Amino acid sequence: MSNPLPDPFADRPDWAPLPPRPVETVPATSGTELRGRRVLVGLPGLGWRGDLRADERVVQGSRTYVPVIPEHEWYRAESEQVEVFAPLVPVERVWVETIGERPPPTAPAPSGIRLVSLDAPNRRPPTPVFEADAVTGRRVVHVDNGVERRDLRAVTEAYSGADGDICVRVTPELEWYRWAWRGQAPTTLEIPVHLLWLE
């Protein structure tokens, strides 16, 4: 009777779902389709601006440009079928958000200052919502049984739900932005925090 009992959880994954695939950025010069895609604009060494959507490339003379629209205006244009102003940004100053491959599990990143290169936009890996300081208004990914639901925004901070789970209410981005331009309260869904990640 000196043999210990076997661990029933050995060789099983952790109870938490795998994180979603990370968002990565690629240059718009790579030929990726642009219409409706999230983009960042800026200059290496200067900085980057996000929460933008793109339309298809426009060629004027010998230059290629990308019409870039603030995300809330893009949703309004698509939903309400209205024209919105889209400044033309030189294609070499535009980076497209894509969904990358899930990296192999690694040790947690060290805390403290994380230095990045200014040559291209840098994206953070997905962060569990329960590790975040604040989530209201942030882009989140709902991961359930390996299925990723994106284009969601958190509407609340974490709270104790009716069943005792710690939850956050989320809404589709279209409803998040419609709330701003119409004042129409969004429909929300209560999601346990262990199924939510900041994008």
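1. Points about unusual backbone geometry
So, point 1. Not every positive phi belongs to a glycine, and D51 is a case in point at roughly 55°.
So, point 2. Along the polypeptide, D51 turns up in strand 3 (residues 47-54).
So, point 3. Within the chain, N145 stands out as a residue other than glycine whose phi angle is a positive 55°.
So, point 4. By the secondary structure assignment, N145 is in the loop between strand 9 (139-144) and strand 10 (147-154).

2. A few points about the pattern of salt bridges
So, point 1. Counted under the stated rule, the structure contains 21 salt bridges.
So, point 2. The partner of R38 in a salt bridge is E173, and the shortest N-O contact between them spans 2.5 Å. Of this pair, R38 sits in strand 2 (residues 38-43) while E173 sits in helix 2 (residues 173-182), placing them 135 residues apart in sequence. Here R38 matches E173 in class, with each residue buried.
So, point 3. Residues R182 and E80 are paired through a salt bridge, measuring 2.5 Å at the closest nitrogen-oxygen approach. In this pair, R182 is assigned in helix 2 and E80 in helix 1 (residues 71-80), connecting sequence segments 102 residues apart.
So, point 4. Look at R182 and you get partly exposed, because its relative accessible area is 47%.

3. Here's the deal with the confidence of the model for the protein chain
So, point 1. Per-residue confidence for the protein chain gives a mean pLDDT of 88; residues scoring 70 or more make up 87%.
So, point 2. Residue range residues 7-12 is modelled with pLDDT below 50. Its contacts to residues more than four positions away, or to other chains, number 0 contacts.

Basis of the calculations
Residues numbered from 1 in each chain as written. Predicted model: local features only at pLDDT ≥ 70, side-chain atom pairs only at ≥ 80, totals over all residues. Heavy atoms only, no water. Helix = DSSP H or I, 4+ residues; strand = E, 2+ residues; numbered from the N terminus. Salt bridge = Lys/Arg side-chain N within 4 Å of Asp/Glu carboxyl O. Buried < 20%, exposed > 50% of the residue type's maximum accessible area, 1.4 Å probe, protein only. pLDDT = per-residue confidence, 0-100. Contact = heavy atoms within 4.5 Å.

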